[in-house]
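Read off the chains here:
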2 protein chains.
Amino acid sequence: MTTVSDRPAAAENQPRSLRPTTADHRVDVAYLTEHLLGRWPEQRLAGRRIGGDPRYSKHEGLSMDDHRARVLEQIRLLAAEEQVFRAFPERLGGSDDAGGSLATFEELITADPSLQIKGGVQWGLFGAAILHLGTPEQQDRFLPGAMTVDVPGAFAMTEIGHGSDVASIATTATYDAETEEFVLHTPFRAAWKDYLGNAGKHGTAATVFAQLITATPGQAPVNHGVHAFYVPIRETREDGSAGDFLPGIGGEDDGLKGGLNGIDNGRLHFTHVRVPRENLLARYGQVAADGTYSSPIDSPGRRFFTMLGSLVQGRVSLDGAAGIASKIGLATAIRYGNERRQFAGASAADEVVLLDYAEHQRRLLPLLAEAYAGHFAHDRLLDLFHTVFTGEMDTPESREDLETMAATLKPISTWRALNTLQTAREACGGAGFITENRLVSLRADLDVYVTFEGDNTVLLQLVGKRLLADYAAELKGIDGVGMARFVVERAADSVLYRTPVGRVVQNLVDSGSVRRSAGHLREEATQRELLTDRVEAMVAELANALRPASKLSRANAAELFNTHQHELIEAARAHADLVQWESFTKALSDVRDPGTRQVLTWVRDLFGLSAVEKNLAWYLINGRLSGQRARAVTSYIDRLLGRLRPHAQDLVDAFGYGPEHVRATIATGIEKERQDEARDYYRELRASGDEPVSEKALKARAR
Amino acid sequence: MTTVSDRPAAAENQPRSLRPTTADHRVDVAYLTEHLLGRWPEQRLAGRRIGGDPRYSKHEGLSMDDHRARVLEQIRLLAAEEQVFRAFPERLGGSDDAGGSLATFEELITADPSLQIKGGVQWGLFGAAILHLGTPEQQDRFLPGAMTVDVPGAFAMTEIGHGSDVASIATTATYDAETEEFVLHTPFRAAWKDYLGNAGKHGTAATVFAQLITATPGQAPVNHGVHAFYVPIRETREDGSAGDFLPGIGGEDDGLKGGLNGIDNGRLHFTHVRVPRENLLARYGQVAADGTYSSPIDSPGRRFFTMLGSLVQGRVSLDGAAGIASKIGLATAIRYGNERRQFAGASAADEVVLLDYAEHQRRLLPLLAEAYAGHFAHDRLLDLFHTVFTGEMDTPESREDLETMAATLKPISTWRALNTLQTAREACGGAGFITENRLVSLRADLDVYVTFEGDNTVLLQLVGKRLLADYAAELKGIDGVGMARFVVERAADSVLYRTPVGRVVQNLVDSGSVRRSAGHLREEATQRELLTDRVEAMVAELANALRPASKLSRANAAELFNTHQHELIEAARAHADLVQWESFTKALSDVRDPGTRQVLTWVRDLFGLSAVEKNLAWYLINGRLSGQRARAVTSYIDRLLGRLRPHAQDLVDAFGYGPEHVRATIATGIEKERQDEARDYYRELRASGDEPVSEKALKARAR
């Protein structure tokens, strides 16, 4: 963390409009840093200590093999020396602390995203599959090796042919009652497991997802759907390293990737591989010795979604980790933007600090607002995750809410991380492209976050469908009379919004006063109304458009649905905006320091109004904003940018990441040192009388 | 290039709406491929042959040192075996063929962007500085070594402290009349040259840009501004490799970068390094033995811009190369999107091809339209470049037009390449992240294109200023009466556009018929009007807003300008849309095959209307489109996407890149092979009667 004296004096040499308007509006950086630690401050700080420990830091430029070896060593070191078992049961050395565990893990991304994801594969997927899909006896049998990393494990769900559509994976696990074994088999090339961390090299076991098939003599075999199996895949050598594949198992290394090269992703295939009956992770489905299948969940569909849903923690932790990556990027770009100068400005001698350029503010400050909104939304997600997974409130409804919230936030925060890191890198110019300044390395590692653990587009579509389902449920809950009124109201709305009448009236009320509109936009109620209304209206419109589907053939219904796929995804994005805005707004009320709260309120306003501005056409077309008021959105954003600019450094400092986390040469103050040296040189040159006169000035004098 | 039989039969298994409407509307792929070769087909094909030659291909996963060594070897091989000297004078073995030379070079990006840029540094910057800033005698002296790469050279312009603001670089070259030498000196750390290709390791000479200072005894020294000097920097060892730095010269290696690691970027500094008077590249400024400075261009400002402007070819070739990178990305993603299936659709058995999903079309097809628009705009840019640099029409106006067009297109095409490659990588899911599928590697290499050779944001600002200047000139050219009328017309416009009157009237005319609006939007004249009007109105509004600047203090004028920086850049983007749309439209008239022309016309419409859709809020706020018509923009785009979808494969095939250029495993048809294998397996399983019945189906039957 930079101390106050390290920080560039932002107000110096700046046009008056850029200076803080009131001395009261100050961020109390120490207070805000602590506040942002959230519900599990110790666990988060523990993760941050690991993240800043050079033993865990990424060494740039390692070969793929060396990087993989280093990361494997690092997670074994984590297991041996750090508190990384909190999510596991107390009886096995854990603390049953779902939320606190993730708080620690998310911070590992500051050390090396490969370490975060290698840990995620080992404990959050391989281990979590055992924990959540296994019986207590299986946990006792398999978890210790997974926890200590004596058994590096792969999470073998995705196949080459099926990623998003898990239900259609083709690997089979057929029960053989004679030997009481399952026979795992890969029927064709598209059914090879792929992209599995630990499969390329280090893994000696895997949780393999396959179609569970039982057979009763004389009857057709029955497919009970996707289940997970604990399958040893490689020998363990005496030194603990992974040896050859076990009989019947084969695979390939995925080789180089766009990032995360500290992880040995790879492919696996199975040729009639036998595992004992007891290796079916049996919490949600078991097979008796005679081949009889039973499950606590009768519906195969609900059983499948329950099993998948129990693995939601991956998405939760990616949301948190991606948010941290964005913060690191902003810490570098805003520090540099506060020091770097280019082109003369108000006076010929004084070059302008980059962050004083309006365009630079436009590029970076809304991303800073998004980072805060994402932070507070993640806090709520983590809280919900903890509530469900500790059993505090584990109901089907809360599980569904959790899954929807994770599916809402993970796409937004991971795309945001890519956008933020790229904008940060561009804002640092050529220096941003040099690996020693970290931005390109982080971005490369984060790239795959947008398609793994649920492809972002597919997740948003799930959210859209959930919104539609909720809307339908709401309609169903209304009685006959209510329904009629509801429909009339909707219809009236639709008339109001579709004709220009609404807009004309609003124009009259505004009577051209942008200032009055701005005052209106600043209000929490206005922002909430704009954001809420958009989600509701989009969902209602979609529901209306899709209504005929129930009467159509499957093919035509699919086509109708496809026609509206884009709007469905847009509705989910609108929902994400609202969720983040509401989380931010709720968080504001917990901020006790008034100066900090004021500045954060501007940040919240910037987030909310930027979301409105991005969708301004929608608000105009649907009569929610007049042209006048739409202009006011942009001009109020401009005003907010000017107001927040002097606080930008404080706002990134409050994230709480020090140089040991940021690890970018240009974010160390070196730029300011160099500029001070240059200024001193020119000052002395002028004083010496040896300063050359420019040809231009000479010519001007001669005229 | 895939042959017709290789291509997936797109129309199979698709809902009717996705099939081509008329058999006549067919892309003649062979014809279009040839047509797209443009004015220099042989030179372009020559570059493509190099690009597909394994000797020049990028080897992924090489260490930085090995990659650098390979690329150095490659450019020496290019010099020895290929026609890469076309841009140079005939008397030195070239062909004075500016445009044809770039047509070849741009295609080198298909081999390895490091090779394209290493060649660009050697011949397009180091060599071009000698060619364009040197006298014929200096060309004879320095060019041969630069051409053969016996002398690998750095282009030492950018300093740590000054990149975009070249005029403020701090390296000095002070003339010493006694020895008839220039003394090059780096006064402080921020004046170190940085990010220079060939400076890290291979370069033995550099064209060094420095403030040229002359002194007459008894008078203050005079700074004549930035000039270029030919400076040997390292020893050449007997084997031709670069040895130690020469006395007074020092430097550092930039080390690992986010991409382009085949290039040895580095830093240089000079401590009183002496070079002969004859090493000042003297075309635009020379110093006599006695220290008298003279130049054919009297104004120091115009001289500076003339010198810089002569180096515009870097931007021109980056525009072309970035466009090719986008095409390669689309070739992979569209081929894969045409084969890959996920989730059941119209029937439970048939999974849907990704490119049949509306969202997938929404993500990829507008980028395909952009690739075409960028292609045709680049053709015009290259043509203009050739016209100017061969002297066919070398006037100050045509030079300025060329520089503006390059500054307009380079930012758009380089950002587009990043966006296209990223979208393509995401559209290929996890497979897109594996290096063997090329997309992540290309994107990493292309990243720096958006900030080097002119930072994109700075370039767009230049374009915005040029638009303002043109507007001011237009105003000046109108006499008193005309001026009065002009102002009245503007005012009337402004009233029309600012009140809702225009919109209300348009609403009445539209009378709710989206279909009629769509017909209107399809018209070339409508699209042109929408795009032109936006540029003109934005520039006029800006000019009006900035008018008070002339009466303000420097500080306040700078602040006023800064307040409108974002709009200035937005105006430049609007101009870029228009330039591309006009180029595309002009190109359509040269397409002789009617089916191809029809499909390309839809592509042009998609490009134009997507540009309108992105800025829909502007059109609504400023009364250019009613809400009804704005909706029609989106629904017509949806219709175009459906129409173009069956032609998507043809449209990427027509780019003319074969597997030897695309080099992505997933773009070889492997995905379809795997799926066919899986389908065969299931077909046989069904036929065998051994197919398991699903538990779900059993339960349904039991009910």
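Residues numbered from 1 in each chain as written. Chains lettered and ligands numbered in written order. Predicted model: local features only at pLDDT ≥ 70, side-chain atom pairs only at ≥ 80, totals over all residues. Heavy atoms only, no water.

For chain A, the name recorded in an unreviewed UniProt entry is acyl-CoA oxidase, with Sanguibacter suaedae as its organism. Recorded in UniProt for chain A, the comment headed Sequence similarities (unreviewed entry) runs: "Belongs to the acyl-CoA oxidase family." (UniProt positions renumbered as here; feature names shortened; annotations may be inferred.)

Asker: Summarise the overall build of chain A; cite the residues concerned and give the values.
Answerer: Helix and strand counts for chain A come out as 26 helices and 16 strands. Taking 703 residues into account, the globule formula puts the C-alpha radius of gyration at 27 Å, and chain A, at 29 Å, falls close to it. If one aligns the C-alpha atoms of chain A with their principal axes, the spans along those axes are about 105 × 75 × 45 Å. A burial count over chain A gives 61% of its 703 residues as buried. Partitioning the intrachain contacts of chain A with sequence separation of at least 6 by distance along the chain shows that 75% fall at a separation of at least 24. Within the structure as shown, chain A displays about 26,600 Å² of accessible surface, and the carbon and sulfur contribution to it stands at 53%. For chain A, the distance from the average position of its 80 positive side-chain charges to the average position of its 95 negative side-chain charges is 6 Å. (Helix = DSSP H or I, 4+ residues; strand = E, 2+ residues; numbered from the N terminus. Rg over C-alpha atoms; globule rule 2.2 N^0.38 Å. Buried < 20%, exposed > 50% of the residue type's maximum accessible area, 1.4 Å probe, protein only. Contact = heavy atoms within 4.5 Å. Areas by Shrake-Rupley, 256 points an atom, 1.4 Å probe, with all protein chains shown as cover. Lys, Arg positive; Asp, Glu negative; His and termini not counted. Charge placed at Lys NZ, Arg CZ, Asp CG, Glu CD.)

Asker: Tell me about the relation of the copies chain A and chain B, and name the residues and values.
Answerer: If you rotate chain A by 180 degrees and push it 0.0 Å along the axis, it lands on chain B with an RMSD of 0.0 Å. What the rotation and shift describe, once combined, is the action of a two-fold rotation axis. Among all residues of chain A, the minimum C-alpha distance to the rotation axis is found for A617 of chain A, at 2.1 Å. Both copies contact each other with a shared surface, as 100% of the interface residues of chain A are interface residues in chain B too. (Least-squares fit on C-alpha atoms with pLDDT ≥ 70 in both.)

Asker: Could you give me a rundown of the sheet that holds strand β9 (residues 249-253) of chain A, with the residues and numbers involved?
Answerer: Residues and elements named next belong to chain A. The strand order β4-β10-β9 describes an open sheet built from three strands, whose pairing is antiparallel. The open sheet has two edge strands with one neighbour each: β4 (193-196) and β9. Recorded for the sheet is a direction-independent mean angle of 25 degrees between the axes of neighbouring strands. Pairing between β9 and strand β10 (residues 266-270): five bridges, direction antiparallel. What sits directly across from G251, in β10, is L268. (Pairing = 2+ DSSP bridges. Axes fitted to C-alpha atoms, helices over the stretch in contact; angles between N-to-C directions.)

Asker: Explain helix α19 (residues 565-588) of chain A to me, and be specific about the residues and the numbers.
Answerer: End to end, α19 of chain A covers 35 Å across 24 residues, agreeing with the expected 34 Å (1.5 Å per residue, within 8%). The element α19 of chain A is extensively covered by neighbouring structure, given that 18 of its 24 residues are classed as buried. (Expected span 1.5 Å × (residues − 1).)

Asker: Can you tell me about the UniProt feature "domain: Acyl-CoA oxidase C-alpha1" (unreviewed entry) in chain A, naming the residues and giving the values?
Answerer: Mapped onto this structure's residue numbering, the UniProt feature "domain: Acyl-CoA oxidase C-alpha1" (unreviewed entry) falls at residues 309-468 of chain A. Annotated as 72% helix and 4% strand, the span residues 309-468 of chain A places its first and last C-alpha atoms 20 Å apart.

Asker: Explain the interface of chain A and chain B to me, and be specific about the residues and the numbers.
Answerer: With 106 residues of chain A in contact, the opposing surface of chain B contributes 107 residues. Across the chain A to chain B interface the summed buried area is about 8,800 Å²; carbon plus sulfur atoms make up 56%. At the junction of chain A and chain B, the tally comes to eight salt bridges. Salt-bridge contacts for R425 of chain B lead to D447 of chain A; the nearest nitrogen and oxygen are separated by 2.9 Å. Summed over the shared surface of chain A and chain B, the result is 61 residue pairs in polar contact (both at pLDDT 80 or more). Residue composition of the side of chain A that touches chain B, by class: 46 nonpolar, 27 polar and 33 charged. In this structure, strand β6 (residues 222-232) of chain A lies alongside strand β16 (residues 693-694) of chain B, joined through two bridges in parallel fashion. Paired with V222 of chain A across the bridge in β16 of chain B is V693 of chain B. (Buried area = accessible area lost by both parts, 1.4 Å probe. Salt bridge = Lys/Arg side-chain N within 4 Å of Asp/Glu carboxyl O. Polar contact = N/O pair within 3.5 Å; in protein donor to acceptor, adjacent residues only side chain to side chain. Nonpolar A, V, L, I, M, F, W, Y, C, P; charged D, E, K, R; others polar.)

Asker: Could you give me a rundown of the pairing of strand β14 (residues 341-344) of chain B, with the residues and numbers involved?
Answerer: Residue and element names in this part refer to chain B. As paired strands, β14 and strand β15 (residues 351-353) are joined by two bridges and run antiparallel to one another. Residue R341 lies in a different strand from β15, and its bridge partner there is V353. Counted between consecutive antiparallel strands, the loop separating β14 from β15 contains six residues.

Asker: Give a description of the confidence of the model for chain A that names residues and reports values.
Answerer: As a note on interpretation, predicted positions should not be read in detail where pLDDT is low. Residue and element names in this part refer to chain A. On average, residues of chain A score 91 in pLDDT, and 90% of them are at 70 or above. When the criterion is pLDDT under 50, residues 1-20 qualifies, and its contacts beyond four places in sequence or with other chains add up to 38 contacts. Across residues 479-516 the pLDDT falls below 50, and counting only partners more than four positions away or on other chains, this stretch makes 45 contacts in the model. Overall fold confidence for the complex sits at a pTM of 0.94, while the interface term, ipTM, reaches 0.93. (pLDDT = per-residue confidence, 0-100.)

Asker: So what about the sheet that holds strand β4 (residues 193-196) of chain B? Which residues, and what values?
Answerer: Residue and element names in this part refer to chain B. With antiparallel pairing, the three strands of this open sheet are ordered in space as β4-β10-β9. Strands at the two margins of the open sheet, each flanked by one partner only, are β4 and β9 (249-253). Recorded for the sheet is a direction-independent mean angle of 25 degrees between the axes of neighbouring strands.

Asker: Give a description of the UniProt feature "domain: Acyl-CoA dehydrogenase/oxidase N-terminal" (unreviewed entry) in chain A that names residues and reports values.
Answerer: UniProt feature "domain: Acyl-CoA dehydrogenase/oxidase N-terminal" (unreviewed entry): in the numbering of this structure it lies at residues 79-147 of chain A. The annotated region residues 79-147 of chain A carries 67% helix and 0% strand content, and the separation between its end C-alpha atoms amounts to 7 Å.

Asker: Help me get a handle on unusual backbone geometry, residues and values and all.
Answerer: For residues that are not glycine, phi is negative in most cases, and the peptide bond is trans in most cases. Residue and element names in this part refer to chain A. Notably, F343 is not glycine yet its phi reads approximately 70 degrees, a positive angle. Within the secondary structure, F343 sits in strand β14 (residues 341-344). Positioned with a positive phi, E453 is a non-glycine residue whose angle comes to about 50 degrees. Summarising the element assignment, E453 is placed in the loop between α12 (439-446) and α13 (456-476). Using a relative accessible area of 23% as the deciding quantity, one classes E453 as partly exposed.

Asker: How would you summarise the packing of helix α9 (residues 358-389) of chain A against α19 of chain A if you had to cite specific residues and measurements?
Answerer: Residue and element names in this part refer to chain A. Taken N-terminus to C-terminus, the directions of α9 and α19 make an angle of 80 degrees; their axes are 8 Å apart at the nearest point. Taken as axis vectors, α9 and α19 run roughly perpendicular relative to one another. Counted together, A369, Y372, A373, G374, F376, A377 and R380 of α9 and Q580, S583, F584, K586 and A587 of α19 form the full contact between these two elements. By residue class, the composition of the contact of α9 with α19 is seven nonpolar, three polar and two charged. (Parallel < 35°, antiparallel > 145°, perpendicular 65-115°, else oblique.)

Asker: Explain the environment of D319 of chain A to me, and be specific about the residues and the numbers.
Answerer: Residues and elements named next belong to chain A. In this fold, D319 is placed in helix α8 (residues 313-337). We classify D319 as buried; its relative accessible area is 4%. With 63 residues separating them in the primary sequence, D319 and L382 have C-alpha atoms 9.5 Å apart. Sequence-distant contacts of D319, that is, excluding residues within four places in its chain, are made with H378, L381, L409, K410 and S413.

Asker: Account for the pattern of salt bridges, with residues named and values stated.
Answerer: Overall, the coordinates contain 100 salt bridges over all chains when judged by the stated rule. Where salt bridges share partners, they join R189, D194, E252, D254 and R267 of chain A into one cluster.

Asker: Could you give me a rundown of the packing of aromatic side chains, with the residues and numbers involved?
Answerer: Residues and elements named next belong to chain A. Scanning all chains against the criterion turns up 34 aromatic pairs over all chains. Consider the rings of F142 and Y230, whose centres lie 3.7 Å apart with planes at 10 degrees: the pair is stacked. Here F142 is found in helix α6 (residues 136-148), whereas its partner Y230 is found in strand β6, with 88 residues between them in sequence. Here F142 and Y230 have matching classes, each one buried. Seen in terms of ring centroids, F182 and F229 are 4.9 Å apart; in terms of plane orientation they differ by 65 degrees. Their pairing is edge-to-face. Placement of F182 in strand β3 (residues 181-185) and of F229 in strand β6 is noted, with a sequence separation of 47 residues between them. Like F182, the residue F229 is buried in the burial classification. Clustering of aromatic rings is evident, with ring pairs tying together Y372, F376, F584 and F655. In this structure, R48 packs its charged tip against the face of Y657, placed 4.4 Å from the ring centre. (Phe/Tyr/Trp six-rings, centres within 6.5 Å; stacked < 30°, edge-to-face > 60°. Lys NZ or Arg CZ within 6 Å of the ring centre and 35° of its normal.)

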